[in-house]
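Architecture at a glance
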Amino acid sequence: MLINEFLLLGAALFAIGVYGVVARRNGVLVLMSIELILNSVNINLLAFSLRNNNVNGQAFALFIIAVAAAEVGVGLAIVLLIYRNKRNIALDELSEMKG
Amino acid sequence: MLLAAQQNVAQHIAFGIIAAGMIIGALRVVTTNNVVHAALWLVVVLGGAAALYLLLAAEFVAVTQILVYIGAVTVLFLFGTMLTRARIGRESDLNTPLRGIGVLVGLAIAGVTTYVLIDAFGDDQLPKDPLISSTQQVSDAIFGPYLLPFWALSFVLLAAVIGAIVLARKD
């Protein structure tokens, strides 16, 4: 298999995830788009791990999965807190810190 | 030789099906008007990624992906949706007015990375019979040279758990 098949799929997923982060205003959906981005990075890491016959890429992919799980936990707790305070999770209405 | 060629064709067909499913699922995640549907389409993408990890000879990472992402993260998303939402269903205000900019940014990133990747890796083949497929080597790497990051990650997870509890506590 060509390595570019995996890398181009990762690039497409990354671009779709960035679109989601920019275009969505619901906090939960933005977190989902971030998961898309992290998964595209993992695909790239594993493709390079196979190409270079080096197992470090797989170790990094496991670290990324663990950090992503922690990030989703804290992120959803923050979204829940925003909802409790404002009864709404539209991210573009959070402008209290605007100077 | 013939067997190897057949395996290669089968791999390509499997990759094509999985990749098409993942792209469609990802597009649905960022365009659908229903948060629960978005979470379920995300499962399609994450499962496709796990299948790709198997194609890339990383079986331990694939199993971890299924356990952590499909098992835990998706459930967290569904809980988050249901705790922050009075009703489950279609909604009209999920997108910002910046969709045009988002499309531009996404297309720019896709274009630049595609050009760079084709320029850099052209027709590079992945090795046919990978030398690194054993979970033992992964664990040797994590508990050998990466022991300190592993410890740090344990503290990150602990801090995340405590932080989530503190943030979501009612008082």
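As the structure is a prediction and not an experimental result, all values here were calculated from the model. Every chain begins its residue count from 1, and numbering advances along the sequence as written. Whichever chain is written first becomes A and whichever ligand is written first becomes 1, with later ones labelled in order. Per-residue local features of the predicted model are confined to residues with pLDDT of at least 70, and side-chain atom pairs are confined, for both listing and counting, to 80 or more; whole-chain, interface and lining totals are unaffected and use all residues.

**A closer look at the overall build of chain A**
Secondary structure summary: chain A contains three helices and zero strands in total. Under the scheme used here, helices are H or I runs from DSSP no shorter than 4 residues and strands are E runs no shorter than 2 residues, and both carry numbers assigned from the N terminus. Each helix (α) and strand (β) of chain A, taken in turn from the N terminus, gives the series α-α-α. Across its three principal axes, chain A shows a C-alpha extent of roughly 50 × 25 × 25 Å. Labels follow a simple rule on C-beta atoms placed from the backbone: if 20 or more others lie within 10 Å of a residue's own, it is buried; if 12 or fewer, it is exposed; otherwise it is partly exposed. Counting only residues that meet the buried cut, chain A has 56% of its 99 residues in that class.

**Notes on the overall build of chain B**
Looking only at helices and strands, chain B features six helices and zero strands. Along chain B, helices (α) and strands (β) appear in the sequence α-α-α-α-α-α when read from the amino end. Evaluated residue by residue, chain B yields a buried proportion of 20% over its 171 residues. Intrachain contacts of chain B at a sequence separation of at least 6 include 55% that bridge at least 24 residues. Throughout, a pair of residues is in contact if the C-beta atoms placed from their backbones lie within 7 Å.

**A few points about the packing of helix α2 (residues 27–51) of chain A against helix α3 (residues 56–86) of chain A**
All names here are of chain A. Helix axes are fitted to C-alpha atoms over the stretch in contact, other axes to C-alpha atoms as well, and angles between N-to-C directions run from 0 to 180 degrees. Where α2 contacts α3, the two axes come as close as 9 Å, and the packing angle between them is 175 degrees. By the angle between their axes, α2 is roughly antiparallel relative to α3. Here Gly 27, Val 28, Leu 31, Glu 35, Leu 38, Val 41, Asn 42, Leu 45, Leu 46, Phe 48 and Ser 49 of α2 come into contact with α3, specifically with Asn 56, Gly 57, Gln 58, Phe 60, Ala 61, Ile 64, Ala 68, Val 72, Gly 75, Leu 76, Val 79 and Ile 82. Note that the term roughly parallel is reserved for angles under 35 degrees, roughly antiparallel for angles over 145, roughly perpendicular for angles of 65 to 115, and oblique for everything else.

**What about helix α3 (residues 59–83) of chain B?**
Over its 25 residues, α3(B) extends 35 Å from the first C-alpha to the last, a length consistent with the 36 Å expected when each residue adds 1.5 Å. Axes are fitted to the seven residues ending at a residue and to the seven starting at it; the angle between these axes is taken as the bend at that residue. Along α3(B), the helix axis deviates most sharply at Tyr69(B), where the bend reaches about 25 degrees. Buried positions along α3(B) lie against α2 and α3 of chain A together with α2 (35–55) of chain B. One fewer than the residue count of a helix, multiplied by 1.5 Å, yields its expected span.

**Considerations on the nonpolar core**
Think of a nonpolar core as buried Ala, Val, Leu, Ile, Met, Phe, Trp, Tyr and Cys residues, each tied to the set through C-beta atoms within 7 Å. Core analysis: the biggest nonpolar cluster contains 65 residues, and Met32(A), Leu46(A), Val29(B), Val45(B), Tyr53(B) and Leu56(B) have the highest contact counts within it. Counting residues per element, the ones that place at least two in this core are α1 (3–23), α2 and α3 of chain A together with α1 (2–31), α2, α3, α5 (135–143) and α6 (147–168) of chain B. The residues touching Leu56(B), leaving out its near neighbours within four places in the chain, are Phe6(A), Leu46(A), Ala47(A) and Leu50(A).

**Regarding the environment of Val67(A)**
Residue and element names in this part refer to chain A. For Val 67, the position within the fold is in helix α3. Accessibility expressed as a C-beta count within 10 Å gives 15 for Val 67, which makes it partly exposed. Taking the C-alpha atoms as reference, Val 67 lies 9.9 Å from Leu 38; in sequence the two are 29 residues apart.

**Some remarks on the interface of chain B and chain A**
Taken together, the contact between chain B and chain A spans 75 residues of the former and 63 residues of the latter. The element that contributes the greatest number of residues to the side of chain B that touches chain A is helix α4 (residues 99–121) of chain B, accounting for 13 residues. Under the grouping applied here, Gly and all other residues not named as nonpolar or charged are polar, the nonpolar ones being Ala, Val, Leu, Ile, Met, Phe, Trp, Tyr, Cys and Pro and the charged ones Asp, Glu, Lys and Arg. Looking at side-chain class alone, the side of chain B that touches chain A contains 55 nonpolar, 16 polar and four charged residues.

**Brief notes about the confidence of the model for chain B**
Residue-level confidence of the predictor, termed pLDDT, takes values from 0 up to 100. Summary statistics for chain B give a mean pLDDT of 86 and a share of 89% for residues scoring 70 or more. Per the prediction output, this complex has pTM 0.89; the corresponding ipTM is 0.90.

**Overview of unusual backbone geometry**
The backbone of Asn53(A) sits at a positive phi, close to 50 degrees, despite the residue not being glycine. Mapped onto the secondary structure, Asn53(A) falls in the loop between α2 and α3. Here the phi dihedral of Ala57(B) falls at roughly 65 degrees; this positive angle occurs in a residue that is not glycine. Among the secondary structure elements, Ala57(B) is positioned in the loop between α2 and α3.

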